[in-house]
Structure formats: C-alpha cells, structure tokens
Amino acid sequence: MNRSAISRPVAALGAALALGASLLVAPAQAQEKVLRIAMTAADIPRTLGQPDQGFEGNRFTGIPMYDALTQWDLSKTDAPSVVIPGLAISWAVDAKEKTKWVFKLRPGVKFHDGSAVNADAIVWNVRKVLDKEAPHFDASQVGVTASRMPTLRSARKIDDLTVELTTSEPDSFLPLNLTNLFIASPTHWQKKFDAAAGATPADKAKAAWTAFAADASGSGPFRMARFVPRERLEVVANKAYWDPKRVPKIDRVVMVPMPEANARTAALLSGQVDWIEAPAPDAMPTIQQRGFKMYFNPQPHVWPWQLSFADGSPWLDKRVRHAANLCVDRTGLLKLLGGMMGVPKGTVPPGHPWWGDPKFDIRYDPEAARKLMTEAGHSAAKPLKVKVQISASGSGQMQPLPMNEFVQQSLKACHFDVQFDVIEWNTLFTNWRKGAKDPSANGANAINVSFATMDPFFALVRFTSTKAFPPVSNNWGYFGNAEIDKLIADARTSFDEKSRNAALARLHARVVEEAPFVWIAHDVGPRAMSAKVKGVVQPKSWFIDIATMSLD
C-alpha cells in the first residue's frame, strides 16, 4: 500500500482545521441553538432529493430535509429499526396481481414551499428517475435510486391521496426499498424550470435541477437555509412539520465535510464542531476525558471485501475465498479500532432470523487457511496476487486506510500478496455500480464498500442475484447462479414474514458457504458529541434522527 496515503490525514490536519475555522463561524443570530456536525464525506451529499455519498447522504441531506413513503423507526436503542409509515399511512399488495401496490397518503402534508404532498407529487418523483420521457427526468439521480429499487416500474394516481405502484415482478421488499425514494416538490422544481436558461427542454431541466439543489424543497423536519458546495450545508427547523414528535428543537444544523479522522477529532476537541462521525480510534480516550460523549451501537452494517467472479479472477477458487475469510485476525482489528467494531460470522449475525446456520464457519484459523492455499497451489514463495479498490474515507467506511493495511498484513501470513488502488470515496461508490469488468476497476479483483443490511434487498439480493449485475445494481463481482436466483425468488415472492424469513435464512446460509465476500467487520457507528447535545438516540441502524435532539 502507498504509505503516503496513510499519512494524508495528518498532513491535511492543519489545512482542514484552518478551513473549518473559517467555515464554522455561524452567521445565525446568537440566540439560535446551532448544532455543528463534521461528516466523513469529502463533499456535501447531493441536496436535490436523491443523495450521493452512500448512506451518509441519506442520513444528512435525505432524512432531515425530505420524507419518503415509508421510513425507518429510529426511536429505539434496544431493538432493530423497522419500517413505519412516512408520507404513506398504509400500503397493501393487490390480492390477485402481486405486482401492484396501493399506498394511502397522509393528508395535509406540505412541502417547504407550501405546495401539497399528494398523489401527483409521488407520481412525479417516481418519473424523475424511471421515465426518460418525463420533462423532469434526471439521469444523475437514477444510479442512486433505481439500483436500490430495481423492480419498481411506474406510479399511477388513483385519487389525490391514493397512488398505485407497479413492479416488474412480485416483490415483497418494495415497502422497504421505498425508504430510499425521497419526495421533492414538483411545484418548486417547476418554478426553477420556468426561470432556467437553456437551448432545449433537456438543458432547462438540467439547469432547473442544479437550481433546485441550491434551494431545495422537501417536506422533512428541516429545510435548507444555506448551501455552499464542498464547504457547508445549513438547515433550519421546519416548525410546521407534520409529526409533532419530530418538530425540531434545534434551530439550525450546520454540516461540513471533513474526511480525515484526525481533522474531525481535532475540530471536536477545539470546539469547532459539536458532533463528529467516526473519530480517530486512538483519540477516543482523550475525547471522553475531555467530557465529550461517545455513542455507538451494533448496527446492521458490514465492512467487507466484495470479490470478483469475472473470468481470470483469483477468487474463482472457493478454497481461496475460504482461506481469506479464515486468515483475517478480527480480534486484532478490534483492538486497533478501540473496540469499535463487531466480529462477523456472515452478513447477519447468529440468532438473526436470516442466519440459516451456514456450514462454513468464519473464524480466525490461519493454519486452516494456509492448508487451503497450499491445496490451491500457493505458498510463501508463490503468493496469490490480489488487488483491492478502496477509499481513503467515506460513508460507513470506518477507518479504511489502517483497517485495510491491517487486513493486508493478516493475509500475507496466508500466502496472499495484497495490493490496493486507493481512490476518492464517491468515485469508488460510483465504480461499485459499474462492476469488476468495467475499466473503472483498474485491474482490481475486489472492492471495499461497506453496506447496510437492514432489509433483504440491501443485505443479500443486490450482491447475489444475476438480475443485479452491473449496471442494474451492486453485484459488482458478477456472483450468482440458478440456485441462488431460486432462493431469492422464494424470498421475494413470500408476502408473509415467517415464510420470507425462512427463505432468506436458506439464502444467507448458501451465500456464506460460497463466500463472495471476505467479511471483515460489522460497524457500530461510533460518533462523538458535545455533552450539550441532548436526546441522542443511537439506534441499531445506520441512520440517526437529528430532529428529536436538543441543545443545552
């Protein structure tokens, strides 16, 4: 690995702090209660309704400013998050045609511009990412939306508060997937379109979306107040929010990108920010000694290497895949991270309804790993060369440089010669949808992108279905076969929870046995905050709800 890549956080510290000092002088009035957050992202996630920057975008520019038809319950620390009503108060699949769903909408909800959230708005938002003939279609939003709900095909208004959604095949996962379709204001966009310059309608539409991103209108608990690309996003309380429990007590939230862990930590300790994501592990004792609070909780979130099954990949031999999973010293990695990770046995843990008791046991057993590698024709004198595309920072990436270097050293003891291609996080995330066969892989035969496992599609299907090969979704490595596709179909077409869980357990067991990943860590979402931030609920979720917090 390029050692200079590891030293970048330290080298960038002074510049980042100088930049932070200039950015975090809030222009708001002194009596305002202002919460300042340093994100791991290198840029402000997109603000136009469909965020980028992975799920950090959903967390900071999606959920605060927008609503979706369905949403995650983020109110509990001691139970998994489940899907609850959002803009939709109820939904049901058609008893005969399992490709049709009817959603009943919440009455009286308004966008930040004052226009109504109704069936027309829902249809408009589906068309923005699925209908290339729609005047407001935006190709730039498709990748981060359609890949997360690949069976959704169309929306139809039944009446002002009722909409019908149609899928390409029966899909019991749809209500879960719809947590990712954030609803933007058509009326506000149309005003931007009418004022936009452009030689063609397509040019005007593109300009309208750019203008919308700088002056957004959703229906969430916060509304945009100030946006400076690459520097800061400020949102203020929407006191007219429809859910009384989520009407913000904090007046203003300031979010800044700060990708280096050392810079984030220094910004917190110096009082420039009140909240940081993923603090530097070796600084956590100091953070707590200074009176800041650490929040963490086991999350449905995996930090893996996703492996290539393209022709010529070194991972095509299952013995090699098993050996890599047996050679990672996860207990040592746990110590490196100051205890801030979970040790995985698969995509979901034992005891989970989808566990399924796989026959392959993921553990630390370097002797067994070396035996498998010897059988596969590799040795210390003849190591297996593998190349992994990774990032230096990013949403859910934990501490990617030291973690990957640690894994590199672990695998060296089992006859692996690991090289890294270190690229910017959002580029890596984009490459993830392009696949191992695309030139963007740059010769890599594995990719390190963490992912949430809250729902079946996100946890399993998008990495194992042959229908999810790039560019449809995130099966970067082209893993899959008829047996796996059948198990997915069994789960997708099971509309009662017990049957669906049983099908997913069979699928998970087979995925672990085939090992299309090297499972390295489960995230626990460590974040450090000033003691003045109150009402913090760190759920068993990748997401967190700012709207219910307060400031002393």
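Residues numbered from 1 in each chain as written. Predicted model: local features only at pLDDT ≥ 70, side-chain atom pairs only at ≥ 80, totals over all residues. Heavy atoms only, no water.

*Asks:* Just checking my understanding: could you explain the nonpolar core for this structure?
*Replies:* Considering soluble globular proteins, one finds that nonpolar side chains tend to be buried as a cluster. Grouped together as the largest cluster of nonpolar side chains are 118 residues, with contacts concentrated most on W305 and F416. Per-element accounting of this core gives the leading share, six residues, to helix α15 (residues 456-464). Look past the residues within four positions of F416 in its chain and what remains in contact with it is W315, V320, A323, A324, M373, P383, L384, V386 and L411. V109, A121, I122 and V129 belong to the second-largest nonpolar core, a separate cluster that totals 24 residues. (Core = buried A, V, L, I, M, F, W, Y, C linked by side-chain atoms within 4.5 Å. Buried < 20%, exposed > 50% of the residue type's maximum accessible area, 1.4 Å probe, protein only. Helix = DSSP H or I, 4+ residues; strand = E, 2+ residues; numbered from the N terminus. Contact = heavy atoms within 4.5 Å.)

*Asks:* What's the story with the packing of aromatic side chains in this structure? I'm lost.
*Replies:* For any pair of aromatic rings, the description consists of the separation of the ring centres together with the inter-plane angle of the planes. Applying the stated criterion to the full structure yields 25 aromatic pairs. Centroid distance F517 to W519: 5.6 Å. Interplanar angle 55°. Geometry classified as tilted. Assessed through its relative accessible area of 0%, W519 is described here as buried. Over the ring of F495 we find K98; its NZ or CZ atom is 5.3 Å from the centre of that ring. (Phe/Tyr/Trp six-rings, centres within 6.5 Å; stacked < 30°, edge-to-face > 60°. Lys NZ or Arg CZ within 6 Å of the ring centre and 35° of its normal.)

*Asks:* Can you help me understand the state of the cysteines in this one?
*Replies:* Disulfide: a covalent bond connecting the sulfur atoms of a pair of cysteines. Using the criterion set out here, one finds one disulfide in the structure. Each disulfide pairs two cysteine sulfurs, and for C327 the partner residue is C414, the sulfurs being separated by 1.9 Å. Handedness here is read from the sign of the S-S torsion; for C327 and C414, about 80°, the answer is right-handed. Here the residue C327 occupies a position in the loop between α10 (318-326) and α11 (330-336), and C414 occupies one in the loop between α13 (400-412) and β15 (416-423), the gap between them amounting to 87 residues. As far as burial versus exposure is concerned, C327 and C414 are alike and both buried. (Disulfide = S-S within 2.5 Å.)

*Asks:* It is not clear to me how the sheet that holds strand β5 (residues 100-105) should be interpreted in this structure. Could you clarify?
*Replies:* In any sheet, the strands associate via hydrogen bonds between backbone groups, in a parallel or an antiparallel arrangement. As summarised here, the arrangement of the four strands in space is β4-β5-β7-β6, forming an open sheet in which the pairing is antiparallel. On the outer flanks of this sheet lie β4 (88-93) and β6 (152-159), each paired with one strand and no other. Each strand axis lies, on average, 20° off the axis of its neighbour in the sheet, ignoring direction. By the bridge criterion, five bridges tie β4 to β5 in an arrangement that is antiparallel. Paired with V93 across the strands is W101, a residue of β5. Across the sheet, helix α3 (residues 119-130) is in contact with β5, β6 and β7 (162-167); its angle to β6 comes to roughly 165°. (Pairing = 2+ DSSP bridges. Axes fitted to C-alpha atoms, helices over the stretch in contact; angles between N-to-C directions.)

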